[in-house]
Amino acid sequence: MKVLHVNVNHPLIIAQFNTLGFENHEDYTSSKEEIEQKIHEYDGLIIRSRFSIDKSFLDKAVKLKFIARLGAGLENIDINYAARLGIFLAAAPEGNRNAVSEHALGMLLSLFNNLNKADKEVRSGKWDREGNRGIELDGKTVGIIGYGNMGKAFAKKLRGFDIEVICYDIKGGVEDENARQVGIMELQQKTDVLSLHIPQTELTIGMINSEFIEKFHKPIWLLNTARGKSVISNDLVDALKSGKILGAGLDVLEYEKASFENMFTDQKLPVAFEYLIQAENVILSPHVAGWTIESLEKLAQTIVDKIKEEFC
């Protein structure tokens, strides 16, 4: 098969595709429109997040047998139309689930122990021990929304703490030895720390809003290493100001573009984002939770294995 690679990934993917007899072409600079003009020549497309794959693009990809995305989800692809065309779709959540879970845990412990705030203060000559007194995770209840690859990996990371881990998912029967599945009402009654591990769908866009937040019985800490559009930033800021949310670790933001590659496209930043930048109880990172040295290789290997199983 003739395969087009439009994002730079771990070299093993091309090396192993060569071994399988695939013809690999690389184009990391052409525009989407330029790619569209030649996509009819290819049987496979390897992409990360460079541009979206919409109906117009797919109509031009007349030979395409598969699209593989080296990431956790497929929301930058029109999956329904691709399925109608018989195109095999592969994502690689298995490849970066450990990275995401470690990042989420790091954010949580940093928030609980004021590590970002304390670090800045000490560097500026301020030695405030009482003002940086932390809290402990033991004894808390961690609620996970979305109990697939990412949610399960995070729950596994939490096993060493003396805590209760509960999970909520639209699918039944997903609980395991690391988390007990509950309904949404019990989740909102018991949770101290809420961690999101959900894909971007019509159901999850704007899911974390003022109405949803207000239903939690206790003030909560929020972690989002999933998709930015699941959280309405204005409502999050209101909850941070009121104390309904005690702090937040955000690897993703609703302002991100569909490619996930760049957020700062306008000179004037949203007011809510300006607040998040300044807030001492908020930790921000640039959508890198699943972005480790190890996951780069794991993502590529996962895709190779899935394509090999489907076509070889």
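Look up a bit, the structure's there.
Please read these numbers as outputs of a predicted model, since none were measured by experiment.

Moving on, we come to the nonpolar core. Counting residues in hydrophobic clusters, the biggest one holds 30 residues, and the most contacted among them are Leu194, Leu196, Leu236 and Leu276. Going through the elements one at a time, strand E9 (193-196), helix H9 (210-214), strand E10 (220-224), helix H10 (233-242), strand E11 (245-250) and helix H11 (271-278) are the ones with two or more residues in this core. Counting residues per element, this core draws most heavily on H10, which supplies four residues. If you look at the next biggest cluster of nonpolar residues, it comprises 22 residues, including Leu137, Ile144, Val165 and Val193.

What the rule picks out here adds up to one cavity of 30 Å³ or more. When grouped by side-chain class, the residues that make up the lining of the largest cavity number five nonpolar, three polar and one charged.

On to the environment of Val304, then. Mapping Val304 onto the fold places it in helix H12 (residues 293-311). Judged by its relative accessible area of 1%, Val304 is buried. Taking the C-alpha atoms as reference points, Val304 and Leu20, separated by 284 residues in sequence, lie 9.8 Å from one another.

One open sheet accounts for seven strands, arranged E8-E7-E6-E9-E10-E11-E12; its pairing is parallel. On the outer flanks of this sheet lie strand E8 (180-181) and strand E12 (282-284), each paired with one strand and no other. Of the strands in this sheet, strand E6 (141-145), strand E7 (164-168), E9 and E10 touch helix H7 (residues 149-157), which is tilted by about 165° from E6.

About the criteria used
- Residues numbered from 1 in each chain as written.
- Predicted model: local features only at pLDDT ≥ 70, side-chain atom pairs only at ≥ 80, totals over all residues.
- Heavy atoms only, no water.
- Core = buried A, V, L, I, M, F, W, Y, C linked by side-chain atoms within 4.5 Å.
- Buried < 20%, exposed > 50% of the residue type's maximum accessible area, 1.4 Å probe, protein only.
- Helix = DSSP H or I, 4+ residues; strand = E, 2+ residues; numbered from the N terminus.
- 1 Å grid on protein atoms, 1.4 Å probe; cavity = no way out; pocket = protein on both sides within 12 Å on 5 of 7 lines; lining within 4 Å.
- Points joined across faces, edges and corners; volume = space filled by probe spheres on them.
- Nonpolar A, V, L, I, M, F, W, Y, C, P; charged D, E, K, R; others polar.
- Pairing = 2+ DSSP bridges.
- Contact = heavy atoms within 4.5 Å.
- Axes fitted to C-alpha atoms, helices over the stretch in contact; angles between N-to-C directions.

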